[in-house]
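Report on the structure
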Amino acid sequence: MASGSLTATGLTRAYLRRIADIDPKIHAVLRTDPTALAQAAASDARHRRGTTRGPLDGIPVLIKDNVDTKGFLSTAGSLALAGSPPRSDAALVTRLRRAGAVVLGKTNLSEWANFRAAKPTSGWSGVGGQTNNPYVLDRNPCGSSAGSGAALAASLAQVAIGTETDGSIVCPAGMNGVVGLKPTLGLVSGAGVVPISAEQDTAGPMARNVVDVALTMSVLMEPPAERPSTSARADASSHAAVPAAPPGPTVDAAAVESAARGHGGGLRGKRIGLWRLPSLGEDTDAVMTRAAQRLRAAGAVVVEVTPPYQDRLAELEFPALLSEFHRDIDAYLAARGAGPRDLADLIAFNRSHPAERTCFAGQELFEQALAAPPTTDPEYRAARAELRDLSRRSIDETIAAHHLDAIASPTNPPAWTTDCARGDNDVIPSSTPAAVAGYPSLSVPAGSVGELPVGLLLMAGGHQDARLLALGAAVEQRLAAWRAPRYLPTAGSAR
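A brief structural summary. (Residues numbered from 1 in each chain as written. Predicted model: local features only at pLDDT ≥ 70, side-chain atom pairs only at ≥ 80, totals over all residues. Heavy atoms only, no water.)

Next up on the list: the nonpolar core. Soluble, globular proteins show a tendency: their nonpolar side chains are buried together. Membership of the largest hydrophobic core comes to 90 residues, with the highest contact counts inside it found for L92, L96, L156, L295, L456, L469 and V475. Once you skip the residues sitting within four places of it in the chain, L295 turns out to touch L267, I272, A300, V302, L456, V475, R478 and L479. (Core = buried A, V, L, I, M, F, W, Y, C linked by side-chain atoms within 4.5 Å. Buried < 20%, exposed > 50% of the residue type's maximum accessible area, 1.4 Å probe, protein only. Contact = heavy atoms within 4.5 Å.)

In structure tokens:
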């Protein structure tokens, strides 16, 4: 683009053509933005004038459909929100537009970010149907940012935005063989994003390489002066106190790119703790063994670790999320001002619309959230405080005990076969400590089991996003595990 050999208009047209050609196989993109080419033309004009707005100017971005886009349907995958578009952009979309990015369209997701049914099928929504894994089409893309991960694997955009409460950025990144960053809680504004829990929700960038993720994160980050204080967050939405992200290091994309090119010492002397998680299967563990061997060969020290407190985190997290979802979805729907007014309205809508029950029929989580204790309840408050304490200690104590730069674990097992009757096979505990703690985690491709990608999840302490991205770029460069999907109908069709 700087030399004029590529234009934003040409790039946007290429992605729109590719969406038309490829997306019918995977159903990752719900809709493209009719203004995308006009956005690209405006970027080209800035390039000609020499007034570009940064590295994302003219770059096409797909946005998960639980992130509000003004005048453009944003549904969380639910027909209940398909009647009218939001009246304003989410804060992160405003930042992308100010940076000159081209909003290319919206991606499918697990409906309500996988927080509706007790046995959901990841990648399915009433609005978009089922998203398929581009590597093997009858396999699952993982959720809830399923469309964002699958679209990137299929090269339908340069960058995509996902959201995560626990695993919903990193698992789709891992299963679709791409890169996904769940940032430190509070670095990216959640305003205008359909919520599950303000205590854990964050949007984050996804791409085919760590450098593009870092470039996008540098745009998405709210400047320290604009991050709301704890009291402001609580006052604005009746949330329990959530520590806002304090001023910290910004993402230096140049440093990340240097690491990706193998400069700056790479992995030599880095200490990485490998949390194997044998419950994810022998094939996944074999990928971890090969990855550890390659990292050691590059000079890293890899030691095996088991972060503590995992059983207690699993016991406490879900009940807390139920109370937080009731509070936060009611606040979001009231602010949106069109469609269902609250959670009770959503439950009634699903009961009266059979199309919402064509894959997973239940809405047990909605019903449990409606009956959950309020977030003013002392037992809830004690549970959330214990969750925050134990999750942070789980990471902090492990890093301190072994003098680590990061903890690594498998992001995902090989993708399971999509089956609406059975639902997901998704007991993947690796994302939970960082998700509950509000700490950053980054999935990079680690290898494959047959055709199916497996990711390596890197976790670090709070506000270590920049260092984690640089380490992730070095790991990505050493593992060199990315490969293009072949859109096989079944795993057995590989030759």
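With that settled, consider the environment of T184. By the secondary structure assignment, T184 is in the loop between β7 (179–182) and β8 (202–207). Residue T184 is classed as buried on the basis of its relative accessible area of 2%. Separated by 198 residues in sequence, T184 and A382 have C-alpha atoms that sit 22 Å apart. With near-sequence residues (within four places) excluded, T184 lies in contact with G438, Y439, P440, G462, H463, Q464 and D465. Polar contacts involving the side chain of T184 include one to the side chain of D465, which spans 2.6 Å. (Helix = DSSP H or I, 4+ residues; strand = E, 2+ residues; numbered from the N terminus. Polar contact = N/O pair within 3.5 Å; in protein donor to acceptor, adjacent residues only side chain to side chain.)

What follows concerns helix α5 (residues 146–153). Along α5, eight of the eight residues are buried, which leaves the element largely enclosed by surrounding structure. What α5 keeps buried is the set A146, G147, S148, G149, A150, A151, L152 and A153. Looking one or two residues past α5, S155 carries a phi angle of roughly 55 degrees, positive in sign.

For the rest of this paragraph, the subject is the side chain of E164. Of note, E164 is situated in strand β6 (residues 159–164). Look at E164: it is buried, it has no salt bridge, and the nearest opposite charge is K182 at 5.6 Å. Side-chain polar atoms of E164 contact the backbone nitrogen of G167, separated by 2.9 Å. Residues in contact with E164, not counting those within four places in the same chain, are I169, V170, K182, Q200, D201, T202, S431 and A435. (Lys, Arg positive; Asp, Glu negative; His and termini not counted. Salt bridge = Lys/Arg side-chain N within 4 Å of Asp/Glu carboxyl O.)

What follows is about the side chain of D212. Considering the arrangement of structural elements, one finds D212 in helix α7 (residues 210–220). At 6.0 Å, R208 is the nearest oppositely charged side chain to D212, a buried residue that forms no salt bridge. Setting aside chain neighbours within four positions, we find D212 in contact with Q158 and A207.

Turning our eyes to something else, we now look at the state of the cysteines. Defined simply, a disulfide is a covalent bond joining two cysteines at their sulfur atoms. Following the criterion strictly, the structure yields two disulfides and no others. With a sulfur-sulfur separation of 2.0 Å, C359 is cross-linked through a disulfide to C420. Because the sign of the S-S torsion sets the handedness, a value of about -95 degrees for the bond joining C359 and C420 places this disulfide among the left-handed ones. Note that C359 is positioned in the loop between α12 (343–352) and α13 (364–371) and C420 in the loop between β11 (406–410) and α15 (432–437), a separation of 61 residues in sequence. C359 gets classed as buried once you look at its relative accessible area, which sits at 11%. For the chain, numbering the cysteines in disulfides from first to last along the sequence yields the connectivity 1-2, 3-4. (Disulfide = S-S within 2.5 Å.)

The subject of this paragraph is the packing of helix α10 (residues 282–297) against helix α16 (residues 465–479). Closest axis-to-axis distance for the α10/α16 pair is 10 Å, and the angle between their directions is 105 degrees. Judged by the inter-axis angle, α10 sits roughly perpendicular to α16. Across from A291, R294, L295 and A297 in α10, the residues of α16 making contact are V475, R478 and L479. Classifying every residue of the contact of α10 with α16 gives five nonpolar, no polar and two charged. (Axes fitted to C-alpha atoms, helices over the stretch in contact; angles between N-to-C directions. Parallel < 35°, antiparallel > 145°, perpendicular 65-115°, else oblique. Nonpolar A, V, L, I, M, F, W, Y, C, P; charged D, E, K, R; others polar.)

Its place among the elements puts G204 in strand β8. On the accessibility criterion, G204 (0% relative accessible area) is buried. The spacing of G204 and V170 is 34 residues in sequence and 9.7 Å in space, taken between C-alpha atoms. Setting aside its immediate chain neighbours within four residues, G204 contacts A160, I161, G162, I169, L181, P183 and L220.

To continue, consider helix α3 (residues 91–98). For α3, the set of buried residues is L92, V93, R95 and L96. Projected down its long axis, α3 shows its buried positions confined to an angular sector of 155 degrees, all on one face. In this structure, the buried residues of α3 make contact with β2 (60–64), β6, β8 and α7. One or two positions beyond α3, positive phi appears at G100, with a value near 90 degrees. (Arc of directions from axis to C-beta.)

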